[in-house]
Amino acid sequence: MRFVVTAGPTREYIDPVRFLSNPSTGKMGFAIAREAARRGHDVVLVAGPVSLKTPSGVRRVDVSSAREMLAAVESALADAKPSDVLVASAAVADWRPAGCAKSKLKKRKMDGVLRLVRNPDILRTVKGVRKVGFAAETGDAIPEAARKCRAKGAEMIVANDVAEKGCGFGTDTNRVAFVRPDGSVERLPLMAKSAVARRIVRAVERGAKI
Ligand code: C5P
């Protein structure tokens with residue numbers, strides 16, 4: 001199977017030296033890419049700015065902004081088959097500055113001037129392939145995940161509460177639940193991200209046989 005995995009944060013530049021971003025380290029997405037390659041799949045990893053080694057057997061494309069990430073995903077899926085899978089684990093910035101200044105802005109010029117526009121939603125935009133998304137919430141992620149799953153046309157959303165101890169940004173462990181469009185929920189215990197990745201890849205493989 002072909003897996004295209006997004007991972008890490010995106011950077012949305014305000015001027016040449018400042019950007020909006022988030023604390024994502026890319027660990028979950030890299031673990032998924034590593035596991036999928038280990039299981040013999042063809043894997044393209046579209047990574048935002050992170051400091052992780054490329055897993056062996058994985059083709060990696062580095063990007064910075066959400067728009068670059070979308071373009072790289074679309075190019076990786078240019079000749080996609082319906083059986084190909086997009087796993088969107090990147091923490092994509094929801095907004096970007098309306099414009100990026102050509103030279104460094106002066107402090108006094110910045111008060112109250114940052115106008116934001118919405119970034120494209122990569123998971124929602126990509127069509128014609130199988131899709132798995134994530135939902136990171138501070139609080140109970142499950143009701144939101146079921147809604148997102150239907151809204152974005154995903155076959156599964158991996159929900160996690162990033163405020164919970166041992167979960168979310170930068171940790172090596174995660175406690176997630178698999179939420180499906182029909183609202184069914186499969187809760188997994190707290191486990192290493194590598195083990196979560198294995199469960200995700202296996203769930204995708206099982207889905208292919210249905
Ligand atoms: O709506 P929310 O950002 O919580 O959705 C999370 C899911 O959507 C994740 O799978 C994330 O990778 C994906 N997403 C995306 N492009 C965005 C925002 C989110 O692919 N601009």
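Here's what I pulled together on the structure shown here. Fair warning: this is a prediction, and the values are worked out from it, not measured in the lab. (Residues numbered from 1 in each chain as written. Predicted model: local features only at pLDDT ≥ 70, side-chain atom pairs only at ≥ 80, totals over all residues. Heavy atoms only, no water.)

1. A short note on the environment of Arg206
Part 1 of the argument: Take Arg206: it is sitting in helix α5 (residues 193-209).
Part 2 of the argument: The exposure class assigned to Arg206 is partly exposed, which follows from its relative accessible area of 47%.
Part 3 of the argument: Placed 113 residues apart in sequence, Arg206 and Ala93 show a C-alpha to C-alpha distance of 31 Å. (Helix = DSSP H or I, 4+ residues; strand = E, 2+ residues; numbered from the N terminus. Buried < 20%, exposed > 50% of the residue type's maximum accessible area, 1.4 Å probe, protein only.)

2. Focus: the site of the ligand
Part 1 of the argument: Around the ligand, the neighbouring residues are Ala88, Ala90, Val92, Asp94, Pro120, Asp121, Ile122, Leu123, Gly133, Phe134, Lys148 and Lys152.
Part 2 of the argument: For the ligand, an oxygen atom lies 2.9 Å from a polar atom in the side chain of Lys152.
Part 3 of the argument: Alone, the ligand offers 440 Å² of accessible surface; in the complex the protein occludes 86% of this.
Part 4 of the argument: Put simply, the ligand lies in the largest pocket.
Part 5 of the argument: Contributing elements (two or more residues each) for the shell around the ligand: α3 (122-125) and β9 (130-137).
Part 6 of the argument: Residue classes in the shell around the ligand are distributed as seven nonpolar, one polar and four charged. (Near = heavy atom within 4 Å. Polar contact = N/O pair within 3.5 Å; in protein donor to acceptor, adjacent residues only side chain to side chain. Areas by Shrake-Rupley, 256 points an atom, 1.4 Å probe, with all protein chains shown as cover. 1 Å grid on protein atoms, 1.4 Å probe; cavity = no way out; pocket = protein on both sides within 12 Å on 5 of 7 lines; lining within 4 Å. Sits in = over half its atoms within 2 Å of the grid points. Nonpolar A, V, L, I, M, F, W, Y, C, P; charged D, E, K, R; others polar.)

3. A word on the pairing of strand β6 (residues 85-88)
Part 1 of the argument: Covered by surrounding structure in β6 are Val85 and Val87 together with Leu86 and Ala88, the residues of both alternating faces.
Part 2 of the argument: Here strand β1 (residues 2-7) runs beside β6; their pairing, made up of four bridges, is parallel. In the strand pairing of β6, Thr6 is matched with Ala88.
Part 3 of the argument: Relative to β9, β6 runs parallel, the two being bridged by four bridges. Bridging across to β9, Val87 finds its partner in Val132. (Pairing = 2+ DSSP bridges.)

4. As for the packing of aromatic side chains
Part 1 of the argument: Within this structure, the stated rule accounts for one aromatic pair.
Part 2 of the argument: Residues Tyr13 and Phe19 carry aromatic rings whose centres are separated by 5.2 Å and whose planes lie at 65° to one another, so their mutual orientation is edge-to-face.
Part 3 of the argument: On the basis of relative accessible area, Tyr13 is assigned to the partly exposed category, the value being 30%. (Phe/Tyr/Trp six-rings, centres within 6.5 Å; stacked < 30°, edge-to-face > 60°.)

5. Let's talk about the sheet that holds β6
Each strand in a sheet pairs with its neighbour through backbone hydrogen bonds, running either in the same direction (parallel) or in the opposite one (antiparallel).
Part 1 of the argument: Within the open sheet, the eight strands sit side by side as β5-β4-β1-β6-β9-β10-β12-β13. Their pairing is mixed. Each of the sheet's edge strands pairs with one partner strand only, and the pair in question is β5 (58-62) and β13 (185-187). The sheet shows a mean angle of 20° between the axes of neighbouring strands, taken without regard to direction.
Part 2 of the argument: Sitting on the sheet, helix α2 (residues 66-76) touches β1, β4 (42-47), β5 and β6, and the angle it makes with β1 is about 175°.
Part 3 of the argument: Sheet strands touched by helix α4 (residues 142-151): β9, β10 (156-161), β12 (176-179) and β13. Its angle to β10, the strand with the most contacts, is close to 155°. (Axes fitted to C-alpha atoms, helices over the stretch in contact; angles between N-to-C directions. Contact = heavy atoms within 4.5 Å.)

6. Looking at the pattern of salt bridges
Pairing between side chains of opposite charge can happen when the charged atoms of each approach one another.
Part 1 of the argument: With the rule as written, the count across this model stands at 15 salt bridges.
Part 2 of the argument: For Asp84, the salt bridge identified is with Arg2, shortest N-O distance 2.9 Å. Here Asp84 is found in the loop between α2 and β6, whereas its partner Arg2 is found in strand β1, with 82 residues between them in sequence. The same class applies to Asp84 as to Arg2, namely buried. (Salt bridge = Lys/Arg side-chain N within 4 Å of Asp/Glu carboxyl O.)

7. What about helix α1 (residues 27-38)?
Part 1 of the argument: For α1, built from 12 residues, the straight-helix expectation of 16 Å at 1.5 Å per residue is met to within 8% by its first-to-last C-alpha distance of 16 Å.
Part 2 of the argument: Of all 12 residues in α1, nine are buried; the element is thus mostly enclosed.
Part 3 of the argument: When we look at burial in α1, the residues that qualify are Met28, Gly29, Phe30, Ala31, Ile32, Ala33, Glu35, Ala36 and Ala37. (Expected span 1.5 Å × (residues − 1).)

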